[in-house]
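What follows is each chain in one-letter form.
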Amino acid sequence: MTVMRMNKIYATIKTCIAHRQSCIMHPASCIVNCALCIVLTGCMSWDYELDDETFDAPAHGLFIINEGCFQYGNATLSFYDPQNSNIENEVFLRANGMKLGDVAQSMTVRDGKGWIVVNNSHVIFAIDVDTFKEIGRIENLTSPRCIHFVSDEKAYVTQLWDNRIFIVDPRRYEVTGYIEVPDMDMETGSTEQMVSIGRYVYCNCWSYQNRILKIDTETDRVVDCLTVGIQPNSLVVDRNNKLWTITDGGYDGSPYGHETPSLFRIDPETFSIEKEFRFRPGQSPSELNVNGDGSRVYWINDDVWQMDVDAVRLPVSPLIRYRSTKYYGLTVDPLSGDVYVGDAIDYQQQGIIYRYTSSGEPIDSFYAGVSPGSFSWKLK
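Residues numbered from 1 in each chain as written. Predicted model: local features only at pLDDT ≥ 70, side-chain atom pairs only at ≥ 80, totals over all residues. Heavy atoms only, no water.

Draft legend 1. Inspection of the nonpolar core at higher detail. Among the nonpolar cores identified, the biggest contains 21 residues, and F63, L77, F92, L100, I116 and F132 are the most heavily contacted of them. Every element with two or more residues in this core is listed here: β1 (61–66), β2 (76–81), α4 (91–96), β4 (104–110), β5 (113–118) and β6 (123–128). Sequence-distant contacts of F132, defined by excluding residues within four places in its chain, comprise F55, A57, F63, F79, V91, F92, A95, N96 and I127. Within the second largest apolar cluster, 14 residues are counted, among which are I165, I179, V201 and V222. (Core = buried A, V, L, I, M, F, W, Y, C linked by side-chain atoms within 4.5 Å. Buried < 20%, exposed > 50% of the residue type's maximum accessible area, 1.4 Å probe, protein only. Helix = DSSP H or I, 4+ residues; strand = E, 2+ residues; numbered from the N terminus. Contact = heavy atoms within 4.5 Å.)

Spelled out as structure tokens, the structure:
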């Protein structure tokens, strides 16, 4: 497995890996060097450079988070209207007259606001999802990955190279506290995606990690940890309130180890592994997703795959065939079931989004920004 297939926790360094051959040959040193770059890079200055445009986005649409190139400050936001098959690129820049920043990582939509996590700029922007105008920002974060809302008054923010999950007040755009993650140091620490079931938030730990955390939202403390395979990179909940995570198994030569990747189904009631589906050695699955009714899970493993949540074995044929390119992001329209795949091509030029029906038939394709890595839905 090459370093370019090491998944989302290295999203801040993927572009570095993609066009620096030495990183491919020496992945460990590349990670260290890129980590130093993050430490030494100062906060980006957001200057209003252009006249802003006026937008009025439709009620249902797809935000595309384009990471850009590491340290180039060329992250962008796109918006796609599925009904009219219309794509608008650079909407944050065009609506606000300023650039988004360095390495846009993820986005969460809640109550008319879109929260854009910009990893290497250490900031989360809040925008109006209709006009794309900035309405607030959370700054002074270590290296944010994802934001997850516990309530209107509280949200959690996961971090790269930090053994804490930040607690923020989204009303005041302020950091109010921290959740200490046990048995994790600052150098290798990472927390990633989060989901809620009842009063608990579950979080996967990816880079040099192998655990799922269980967090009590009433006490803001980690109350349990479940060991899965090496490097669980995604986390979703199905219709049966079961947790699913997928592991990439690390990479050959990793100091943390290397193993065959797996797909896990977890019972949150007992917080135990209910089922493990093992992939073949050398594979690197990522981008685990779930459809709108929670009946199927999807992932990228060269091809795009789907599986019923009650299945007893992995599927034998993919939903969407591999195109000898860089499938990088994946999402499923929660209303229509259409599948969208982001193609990073070479991590330097504009990426392409492919849209398919739920049965894998092509519908549309269009250009987005550099390295389209994640998505967020605006729903009616």
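Draft legend 2. Quick peek at the pairing of strand β13 (residues 200–205). The element β13 is largely enclosed, with a buried count of five among its six residues. Where β13 and strand β14 (residues 211–216) come together, six bridges link them in antiparallel fashion. In the strand pairing of β14, N204 is matched with I212. Connecting the antiparallel pair β13 and β14 is a turn made up of five residues, with Y208 showing a positive phi of about 55°. (Pairing = 2+ DSSP bridges.)

Draft legend 3. Spotlight on the layout of surface pockets. What the largest pocket holds in volume is close to 1300 Å³. In this structure, the largest pocket is lined by 37 residues; those nearest its centre are M107, T108, M194, N289 and F375. Only β4, β8 (144–149), β12 (194–197), β16 (232–237), β20 (286–290), β23 (327–332) and β27 (372–378) provide two or more residues apiece to the lining of the largest pocket. In terms of residue class, the lining of the largest pocket is built from 19 nonpolar, 14 polar and four charged. (1 Å grid on protein atoms, 1.4 Å probe; cavity = no way out; pocket = protein on both sides within 12 Å on 5 of 7 lines; lining within 4 Å. Points joined across faces, edges and corners; volume = space filled by probe spheres on them. Nonpolar A, V, L, I, M, F, W, Y, C, P; charged D, E, K, R; others polar.)

Draft legend 4. Seen up close, the pairing of strand β9 (residues 155–159). Most of β9 is tucked away: five of the five residues are buried. Taking every second residue as pointing to the same face, both faces of β9 are buried, with A155, V157 and Q159 on one and Y156 and T158 on the other. Bridge analysis of β8 against β9 gives four bridges, and the strand direction is antiparallel. Bridge pairing links H148 to Y156 in β9. Once β8 ends, the chain turns through five residues before running back antiparallel as β9. Where β9 and strand β10 (residues 164–169) come together, three bridges link them in antiparallel fashion. Each bridged residue has a counterpart across the sheet, and for V157 the counterpart in β10 is F166. Here β9 folds back onto β10, and the loop between the two strands holds four residues, one of which, W161, carries a positive phi near 55°.

Draft legend 5. Local environment of the packing of aromatic side chains. Under the counting rule described, the total for this entry stands at 17 aromatic pairs. Note on F92 and F125: the rings are 5.0 Å apart at their centroids and 45° apart in plane angle, and the pair reads as tilted. In this pair, F92 is assigned in helix α4 and F125 in strand β6, connecting sequence segments 33 residues apart. Three or more aromatic residues joined by ring pairs make a cluster, and in this case those are F55, F63, F79 and F132. The residue whose ring lies beneath K214 is Y200, and the NZ or CZ to ring-centre distance is 4.4 Å. Between R323 and the ring centre of Y354, over which it is positioned, the NZ or CZ distance is 4.1 Å. (Phe/Tyr/Trp six-rings, centres within 6.5 Å; stacked < 30°, edge-to-face > 60°. Lys NZ or Arg CZ within 6 Å of the ring centre and 35° of its normal.)

Function-wise, these values are silent; they only describe arrangement.
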